[in-house]
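# A look at the structure
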Amino acid sequence: MRKILLVGNPNVGKSVLFSRLTGVHATASNYPGTTISYTQGFLKLGEEKVEVIDVPGTYTLEPTSEAEEIALQMLDTGDIVIDVVNATNMERSLYLTLQLLEKGTPVIVALNLWDDTKHRGIDIDLDKLREFLGVPVIPTVAVSGEGIKDLVEHIPKATSPDAPVRTRDERWATIGSIIDQVQHIEHRHHTWLERLQDASVKPLPGGMIAVVVLICAFLVIRFIGESLIGYVLDPLFNNLWAPVVIWLSNLMGGSGFLHDIVVGTVAGGEVNFVESFGLLTSGLYVPFAMVLPYIISFYLVLGLLEDVGYLPRLAVLMDTVMHWLGLHGYAIIPTLLGLGCNVPAVLATRILESKRERFIASTLVAIAVPCAALQAMIFGLVGERGGQYVAIVYGTLFVVWVILGIILNHAVKGFSPELLIEIPPYRLPPWRIVLQKLWMRVYGFLAEAIPIILGAIVVINMLYSLRVFDAIASFTAPVVTGLLGLPKEAVTSLIIGFLRKDVALGMLAPLALTAKQLVVASVVLAMFFPCIATFVVLLRELGVVYLLKSAGVMILAALVTGGMLNLIL
Amino acid sequence: MPHRDLITLTRMQTGQSGQVAEIRGGFGMVDRLNALGIIPGKRITKISSMFARGPVAIEVDRGQVAIGYGMANKIIIQLDQIR
C-alpha cells in the first residue's frame, strides 16, 4: 500500500487536515522505541486505498529535537508528501518546503489557513508560487473542508522537481525572492483578537488574563463534573443499578467469599457504592460515577485551551517561576497534563530538552500533581468534611511542588536551557476535532483504568480474607501511626495506592477517620508513590538509576510532609 | 555602521522594531533560531518582555515567538532609525 505523509510546521492545522482526509478511523501509534506518537489513517484515491500518516510537526529537516528526528526518519518511508504550508506565514513554512523538494520524494503543497489570508491583507499569486516550487499548490481551509476535494484529486499529480541541494543561506535567499514576487501584503490595523493576543503575553494584563482563564477553567471543570455526577450518574446508579445489586446479593445468599468479591458488603438492604468494595458496586461506581465525569470535564477544558492556542502563552508567563524549579516555561504543559493523568504528563516531559529537566519535571509531577482520578476522590471524600480541608490538601501539594522544585534545582547538576517557542495565533478549534481528541483520551482512561480497578478489588478482597494486610499493618505501625497519626488499617490503602489512587482513597471511607487524618492520608497518598502505570512510564523514561532516585525523593518527601501536617494541624 | 544602534533583544523597548544583526550563540542555539526563521537580516518587532528576567516575545514575519531571557540576551538587534 502506498504511503502518504502529511508534513508541516506545528500549528498550521495539519491534524485538522489529516482528520478531513481520513475521516474518523484514525489510530494513534508510537514510533518504535520512542514515545513520539503519530496518527495513521486511510484514504481512497479512486480505486486505490492509501495509508495517510500525520508526521509530528517540524520546522526543519535539520533536526533540533527528538520529534523532528523521528519526522526525518519517517520521511524516508513515504511515497508522496503533502506539505502543509501556513498561507499566513509562508516565510517560515517554505524553509521546510524547500528541504522537502531537495529530498526527491514527490510533493504536493496544501496552502492551509487560506481563508485567513484575506482578512489579514495577504495576497498570494498561486500560479507564480507553483512555477517557483515546481509542484502542485492547492489552497485549503482544513477547518471548513474547503479545498480538500481539490487536494485529494491533485495528489496523483505530486511531483519531484529535482531541486538542487542548497545551503541554509541559499534557502533563505530563495525564500526571500519567492516571497518578494508571490506575496503582497496590505497593511491592516490590528483586530481586537490580535490585541488580545499581544496582551496575553504582557506581564500585567497577561497575568490577569491567566488568573481569569485558570479560574474559569476550574469552575467549568467542576460544574460539568458535578452536573454529570448529580444529574446523570448518581441517579442511574441509585435508581437503576442499586435494585439489581440488591437482587443479586439476595440471590447469592447475602454473604460468603464469592458474594463479597462480586457485591461486597451490603448492609440492611442499602448499597453504599463507595464503601462496599465489590466488583459490581465500588468496582463500577468509582471509575464511572466518581472519576469519569471529571476525566471528561478536565480533558474537554484542557483540549479547548490547547486548541485555542492558550497554553504557549501560559508557558511564557510561567517561565520565570519555572526557572526557579530548574525548568523553563514549557514545563507547565506536562504539569497541567498531570492534573488529568500522570502517565501522559510524564510522556509529555519529552518536549523538554535535557535529561535533568525531564527528571525534575517528572519527579515533581509524580509527587505533587494529583491526577483527575485522585482529585475526584479528594473532592468527593475530603470535600464532604468541608472545603477548607480540600484547600489544605491542594495548598500543601502546591507548596511541596515549589519547595521540592527549588531543592531539586540546586541538588541536580546541570543548568536549565532556555525557552524558545512559537506563539500561535488564537484560533477557534472545530468542535469535531475537540470532541475527537476528548474521545481518544476518555477511551484511553477507560481502557487503562477499568481492568486495573476491577483487578485491584479482587486482589484486595482476597488479601483481606488471607489477613495479609493485618501482618503488614502491624509491621509498619510505628511509621503510619506514630509519624502520620493514621490508624494502622490505613496501610492497606497506602499499598493499594500503588495500583489505583482513586480506589485507595475510597478504601479510607469506611475507616471513620477525622478530617485531619483524612487530609494527611490524602496528601501522603498523592505524594507517596505514583500508581503502577506512572511507575512503568517513569522507568521507561528515566531508566532504573533515575527512577530509584526519584522514588527515594518521593518516599522521603511524603513522610516529611505527612509528618509535618500531622504535627501542625 | 554606527554602534549606538546595536542593542540586545532584552534591552530593546517593547514596540520597537529592528533587524537581527548578529546571534552570539553556539551552533545549537543558531540552529533552533534558524528553524523559527530568526536569522541575521530578519526584521523583528518586540511585543513584550516579562519582568524578573523573563522571556521576550517578538513578532517575526507574521508569527510570534517567545525567547528565554538568556538566549534573547545573545541576540543583537540593529534598531530602526527613528526620524
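Quick notes on the rules
Residues numbered from 1 in each chain as written. Chains lettered and ligands numbered in written order. Predicted model: local features only at pLDDT ≥ 70, side-chain atom pairs only at ≥ 80, totals over all residues. Helix = DSSP H or I, 4+ residues; strand = E, 2+ residues; numbered from the N terminus. Rg over C-alpha atoms; globule rule 2.2 N^0.38 Å. Buried ≥ 20, exposed ≤ 12 C-beta atoms within 10 Å, placed from the backbone. Contact = placed C-beta atoms within 7 Å. Pairing = 2+ DSSP bridges. Axes fitted to C-alpha atoms, helices over the stretch in contact; angles between N-to-C directions. Domains from an automatic or database assignment. Nonpolar A, V, L, I, M, F, W, Y, C, P; charged D, E, K, R; others polar.

### Structural notes on the overall build of chain A
Of regular secondary structure, chain A possesses 23 helices and ten strands. A compact globule built from 569 residues would reach a C-alpha radius of gyration of about 25 Å, and chain A, at 27 Å, matches this within 12%. Taken along its principal axes, the extent of the C-alpha atoms in chain A is 80 × 55 × 45 Å. Across the 569 residues that make up chain A, the buried fraction comes to 45%. Of the contacts formed within chain A by residues at least 6 apart in sequence, a portion of 71% connects residues at least 24 apart.

### A few points about the sheet that holds strand E5 (residues 63-67) of chain B
With antiparallel pairing, the seven strands of this open sheet are ordered in space as E10(A)-E5(B)-E4(B)-E3(B)-E2(B)-E6(B)-E1(B). Looking at which strands have only one partner, the edges of the open sheet turn out to be strand E10 (420-423) of chain A together with strand E1 (6-8) of chain B. Averaged over all pairs of adjacent strands, the angle between strand axes in this sheet comes to 40°, irrespective of strand direction. Relative to strand E3 (residues 43-49) of chain B, strand E2 (residues 17-23) of chain B runs antiparallel, the two sharing three bridges. From the neighbouring strand, Gly18 of chain B faces E3 of chain B, where its bridge partner is Ile44 of chain B.

### A closer look at the pairing of strand E6 (residues 75-79) of chain B
All names here are of chain B. For E1 and E6, the ladder comprises three bridges, and the chain directions are antiparallel. Within E6, the position partnered with Ile7 by the bridge is Ile77. By the bridge criterion, five bridges tie E2 to E6 in an arrangement that is antiparallel. Considered in E6, the bridge of Val20 is made with Ile77.

### Concerning the domain arrangement of chain A
Residue and element names in this part refer to chain A. We note that the domain assignment places domain 1 (3-185) and domain 2 (203-568) within chain A. Domain 1 and domain 2 are separated by 39 Å when their C-alpha centres are compared. Taken together, the contact between domain 1 and domain 2 spans eight residues of the former and eight residues of the latter. Of the residues assigned to the side of domain 1 that touches domain 2, the class counts are four nonpolar, three polar and one charged.

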